[in-house]
Amino acid sequence: MIYLALAGVLFVIGLHGLFVARHLLRKILSLNVLSAAVFLLLVALAREADPLDAVPHAIVLTGIVVSVSATAVALVLLVRLSLPRRGEEEGPGKEGR
Amino acid sequence: MGALVLVFDGLLAAALIWLAWQATHTPGLFRAVISFIIFGLLMALAWVRLEAPDIALAEAAIGAGATGALLLSALGRLAVTDEAGTPWQERGDLYFWVPAGLALLGLLTLAAWQLPSPGLGEEVQASLAESGVENPVTAVLLNFRAFDTLLEIGVLLLATVAIWSLGRMPVPGVPAMTSPVLPALGRVLFPMFALVSVYLLWRGSHAPGGAFSAGAVMGAGGILTILAGAQPWLTGSAYGPWRILLSLGLAAMLGVALGVIALGQPFFAYPTDLAGPIVLLLELAAGLSIAMSLVALYLAGQPPASWNGESMRR
């Protein structure tokens, strides 16, 4: 029961962070908190069942790997965005990326 | 005993909420990232309390370990490492957010309350004997719902391709270190990681473990090797062996899925007497692919054509 409530609170925190955060890295972190809340809800519900339901566990395992790949792509895009453009760095006339 | 467990759960929940708040709402990006890593570690504890040891293993290795490494390396590469002013946009809309948040929380609680508890546990137990493994989570992942896992390995490969296609990362991720001890240590430690991964992979057929945890541990070992400055053999050259390893998981799963059709079975339905070896084979392929993909994600771009040239240039 505690964990169901925890999932709800984490969901709200993550959603709020996602909407109001200024820095993009914050938004990525908030998104991860949000997904952790959803995973928690799934597994907490699975625990209520008798016998223990293995299907949500497997789905959450899949979800963790998918969220890591999404986070990695987002982080690389974020770093690329924050870098100075190649054209500005090396002066005009150079070929862009 | 019961009261003690309740206190532990309460403390864990309070710590998780506080860390999530730290990660998303308090000033300082570095502090936020560190809070998020600790959040991942405590989540692993919560998974153990929820009787999900498979997820706990994966969360500790992937959620806290690999994501933490990715976040820290991204933070190190950012041109501007701190945000201006408060991390929030405006505090004025607090009048909107507090009621809205409470209302959302109430609705979510109501919805979760009325959800029927998932009841596939008995079905999984009933057909566990035909799946070829004894661990129900592995059985679901690689036999009953293998199609989901196929798509997930596909997503991982897609993320790797997306990152690779952005070209080489202009800011190198390998710290310029002069110490000869670290690369040697990295090379010595890697076999340990490989040993643990093989153990986890083998264990996955009858106990918590399996391809995901094994791949994550192996990937963490690879990241550590790169961090220590040992030059890995993954290069951007056209015929690098690790391209094959990256797509091995997807190729093996697709091959099996289509191969059983030739044996007269439906798509992804293994013959019962061959299920055990097939699941083990798929786990091996998927684990290797997950490990290589995690290392590739950490490189954050196309790997250099040759690591020797790269380190000499610096």
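Residues numbered from 1 in each chain as written. Chains lettered and ligands numbered in written order. Predicted model: local features only at pLDDT ≥ 70, side-chain atom pairs only at ≥ 80, totals over all residues. Heavy atoms only, no water.

- Per an unreviewed UniProt entry, chain A goes by the name Multisubunit sodium/proton antiporter MrpC subunit and belongs to Alkalispirillum mobile.
- UniProt's Subcellular location (unreviewed entry) comment on chain A is quoted here verbatim: "Cell membrane". (UniProt positions renumbered as here; feature names shortened; annotations may be inferred.)

**Re unusual backbone geometry**
Argument step 1. Not every positive phi belongs to a glycine, and B:Glu51 is a case in point at roughly 60 degrees.
Argument step 2. With a relative accessible area of 41%, B:Glu51 lands in the partly exposed category. (Buried < 20%, exposed > 50% of the residue type's maximum accessible area, 1.4 Å probe, protein only.)

**Structural notes on the UniProt feature "transmembrane region" (unreviewed entry) in chain A**
All names here are of chain A.
Argument step 1. UniProt's entry tags residues 6-21, 28-46 and 58-79 with the feature "transmembrane region" (unreviewed entry), counted in the numbering of this structure.
Argument step 2. Along residues 28-46, the helical share is 100% and the strand share 0%, with 27 Å between the first and last C-alpha atoms.
Argument step 3. Helix makes up 100% of residues 58-79 and strand makes up 0%, while its end C-alpha atoms are separated by 32 Å. (Helix = DSSP H or I, 4+ residues; strand = E, 2+ residues; numbered from the N terminus.)

**Some points on helix α2 (residues 29-49) of chain B**
Argument step 1. Compared with an ideal rise of 1.5 Å per residue, which puts 21 residues at 30 Å, α2(B) spans 30 Å between its outermost C-alpha atoms and is within 8% of the ideal.
Argument step 2. Following α2(B) by one or two positions, B:Glu51 has its phi on the positive side, about 60 degrees. (Expected span 1.5 Å × (residues − 1).)

**Looking at the nonpolar core**
Argument step 1. The biggest cluster of nonpolar side chains holds 112 residues, and the ones touching the most others in it are B:Phe39, B:Trp47, B:Tyr270 and B:Leu297.
Argument step 2. Here this core gets 14 residues from one element, more than from any other, and that element is helix α11 (residues 275-299) of chain B.
Argument step 3. When sequence neighbours within four positions are dropped, the list of residues in contact with B:Phe39 reads A:Leu10, A:Ala36, B:Leu16, B:Leu19 and B:Ala20. (Core = buried A, V, L, I, M, F, W, Y, C linked by side-chain atoms within 4.5 Å. Contact = heavy atoms within 4.5 Å.)

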